[in-house]
Amino acid sequence: MKLLLVEDERLLAEAVRRGLVNEGFVVDVAHDGVTGLWAAVESAYDVIILDINLPLKNGYDVLRELRERHNWTPVLMLTAKDGEYDQTDAFELGADDYLTKPFSFLILVARIHALIRRGAPARPVVLEAGTLRLDPVSRRVTRGETAISLTAREFGLLHFLMRNQGQVVSKGDILDNVWDSAFDGGDNVVEVYIGYLRKKIDAPFGLQTLATVRGAGYMLESDLPAHTTDKEPAGN
């Protein structure tokens, strides 16, 4: 699950970013309204956390422009008790929720999960690929009756693959959606984590649902018995 945090208080932004990453989110950060608007338009996010009092373009103007562009990504506004605007203004402009500073981090996480569930009604709450099930809210993964323990990064990777079940996704797609924009390592990290996932979701069960499509990327399918490592791209 990928979030955009637009907050000009850099210490607060970094503290919130670290906390959300520890919760398993992928988080991009912008420190002014112009950069935040550009990021929101150029990339897909599950939720945008948007401060009001931003340099260059305030949060209300960012929100107004997003909605004028028919961008309906759920937006959680961060308001100050002594701010010029209040939550009524936020809702009138199209915000989905708000929090008043200072706020509880646990409440922030709960509100984000609520917006993800509410903001993507077409996306099933529990994802399934054959006997493999992933609940993004409880963060529980099972294969049949067996619970599977994943790290935050492994969970994010599996979540992305299950949302794109049956489709080939490239290393670039995975890096864009599972690693944040500040990551400057090579794409071989994707191969490493694909290997970690295979050892947890497939190998113990005699399955190979996570396939390598040579020259193209990876594809998650339903309950295939283990037989080969690579697939040929369609049409070959």
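Everything below is about the structure printed above this text.
In this text, all values refer to a predicted model and were calculated from it rather than measured experimentally.

K.L.:
What is the right way to look at the nonpolar core in this model?
P.N.:
In summary, soluble globular proteins display a tendency toward joint burial of nonpolar side chains. Ranked by size, the top nonpolar core spans 26 residues in total, and within it Leu158 and Ile174 carry the most contacts. Of all the secondary structure elements, the ones that give two or more residues to this core are strand E6 (127–129), strand E7 (132–135), helix H6 (152–163), helix H7 (171–178), helix H8 (188–202) and strand E11 (217–220). When sequence neighbours within four positions are dropped, the list of residues in contact with Leu158 reads Leu132, Leu134, Val141, Leu150, Leu197, Ile201 and Leu220.

K.L.:
What should I look at first to understand H7 in this one?
P.N.:
Each turn of an α-helix holds 3.6 residues, which means side chains three or four residues apart point in the same direction. All of the buried residues in H7 are Ile174, Leu175 and Val178. The buried residues of H7 occupy an angular sector of 100 degrees when the element is viewed end-on, so they sit on one face.

K.L.:
Would you mind going over the sheet that holds E6 with me for this structure?
P.N.:
An order of E6-E7-E8-E9 is seen for the four strands of this open sheet, with the pairing classed as antiparallel. The open sheet has two free edges, formed respectively by E6 and strand E9 (146–148), since each of these has just one partner strand. Strand-to-strand twist in this sheet, taken as the mean axis angle between neighbours without regard to direction, amounts to 25 degrees. Here strand E8 (residues 140–143) pairs with E9 via three bridges, running antiparallel. Counted as the bridge partner of Val141 is Ile148 from E9. With respect to the sheet, H6 is in contact with E6, E7 and E8, its orientation differing from that of E7 by roughly 110 degrees.

K.L.:
I keep staring at the packing of H6 against H7 and nothing clicks. Help me out?
P.N.:
To characterise two packed helices, one gives the angle between the axes of the helices and the distance between these axes. Direction vectors running N to C along H6 and H7 enclose 120 degrees, while the axes themselves pass 10 Å from each other. Considering their axes alone, H6 and H7 lie oblique with respect to each other. Along this stretch, H6 crosses H7, giving a crossing that reads as right-handed. Residue-level inspection shows Arg153, Gly156, Leu157 and Phe160 of H6 in contact with H7, the latter providing Asp173, Ile174, Asn177 and Val178. Of the residues assigned to the contact of H6 with H7, the class counts are four nonpolar, two polar and two charged.

K.L.:
What is the right way to read the packing of aromatic side chains from this model?
P.N.:
In this description, a pair of aromatic rings is defined by centroid distance and the angle of the planes. Scanning all chains against the criterion turns up two aromatic pairs. For the pair Trp179 and Tyr193, a centre-to-centre distance of 5.5 Å together with 75 degrees between the ring planes defines the contact as edge-to-face. Placement of the pair is Trp179 in the loop between H7 and H8 and Tyr193 in helix H8, with a sequence separation of 14 residues. Judged by relative accessible area, which is 5%, Trp179 ranks as buried. Pairing Tyr193 with Tyr196 gives two aromatic rings, centres 5.0 Å apart and planes at 75 degrees, and the pair type is edge-to-face. Separated by three residues within a single helix, Tyr193 and Tyr196 lie in helix H8, roughly one turn from each other.

K.L.:
Is there a simple way to explain the pattern of salt bridges in this structure?
P.N.:
Pairing between side chains of opposite charge can happen when the charged atoms of each approach one another. Scanning the model with the defined rule gives 17 salt bridges in all. Lys101 is the partner of Glu7 in a salt bridge, and the nearest nitrogen-oxygen pair spans 2.9 Å. Of this pair, Glu7 sits in the loop between strand E1 (2–6) and helix H1 (10–22) while Lys101 sits in strand E5 (residues 97–101), placing them 94 residues apart in sequence. Considered together, Glu7 and Lys101 belong to a single accessibility category, that of buried residues. With a closest N to O distance of 2.2 Å, Glu128 and Arg133 form a salt bridge. Classification of Glu128 as partly exposed rests on a relative accessible area of 44%. You can call Arg133 partly exposed: its relative accessible area is 35%. Through salt bridges with shared partners, a single network forms among Glu7, Glu9, Asp51 and Lys101.

K.L.:
Before we go on, may I ask you to explain the environment of Val189 in this structure?
P.N.:
The residue Val189 is located in helix H8 in this model. Once the C-alpha coordinates of Val189 and Trp179 are considered, the two residues, ten residues apart in sequence, prove to be 10.0 Å apart. Sequence-distant contacts of Val189, that is, excluding residues within four places in its chain, are made with Leu175, Trp179 and Phe183.

K.L.:
Would you mind showing me how to read helix H3 (residues 59–68) here?
P.N.:
Turning to H3, its buried residues number three or more, namely Gly59, Tyr60, Val62, Leu63, Leu66 and Arg67. Down the axis, H3 shows its buried residues gathered within 160 degrees of arc, on one side only. Between the side-chain oxygen of the N-cap and the backbone nitrogen of Tyr60 there are 2.9 Å, and the N-cap of H3 in question is Asn58.

K.L.:
Looking at this structure, how should I read the sheet that holds strand E3 (residues 47–51)?
P.N.:
Sheets are built from strands that pair by backbone hydrogen bonding, the pairs being arranged parallel or antiparallel. Read from one edge of the open sheet, five strands run E2-E1-E3-E4-E5, paired in parallel fashion. The sheet terminates laterally at strand E2 (26–30) and E5, the two strands that pair on one side only. With strand direction ignored, the average angle separating the axes of adjacent strands in the sheet is 20 degrees. Two strands pair when backbone bridges link them, and strand E4 (residues 75–80) and E5 are joined in this way by five bridges, in the parallel orientation. Among the inter-strand pairings, Met77 is bridged to a residue of E5, identified as Tyr98. Of the strands in this sheet, E1, E2, E3 and E5 are in contact with H1, which crosses E2 at around 170 degrees.

About the cut-offs
Residues numbered from 1 in each chain as written. Predicted model: local features only at pLDDT ≥ 70, side-chain atom pairs only at ≥ 80, totals over all residues. Heavy atoms only, no water. Core = buried A, V, L, I, M, F, W, Y, C linked by side-chain atoms within 4.5 Å. Buried < 20%, exposed > 50% of the residue type's maximum accessible area, 1.4 Å probe, protein only. Helix = DSSP H or I, 4+ residues; strand = E, 2+ residues; numbered from the N terminus. Contact = heavy atoms within 4.5 Å. Arc of directions from axis to C-beta. Pairing = 2+ DSSP bridges. Axes fitted to C-alpha atoms, helices over the stretch in contact; angles between N-to-C directions. Parallel < 35°, antiparallel > 145°, perpendicular 65-115°, else oblique. Left-handed = near helix turned anticlockwise from the far one by under 90°. Nonpolar A, V, L, I, M, F, W, Y, C, P; charged D, E, K, R; others polar. Phe/Tyr/Trp six-rings, centres within 6.5 Å; stacked < 30°, edge-to-face > 60°. Salt bridge = Lys/Arg side-chain N within 4 Å of Asp/Glu carboxyl O. Polar contact = N/O pair within 3.5 Å; in protein donor to acceptor, adjacent residues only side chain to side chain.

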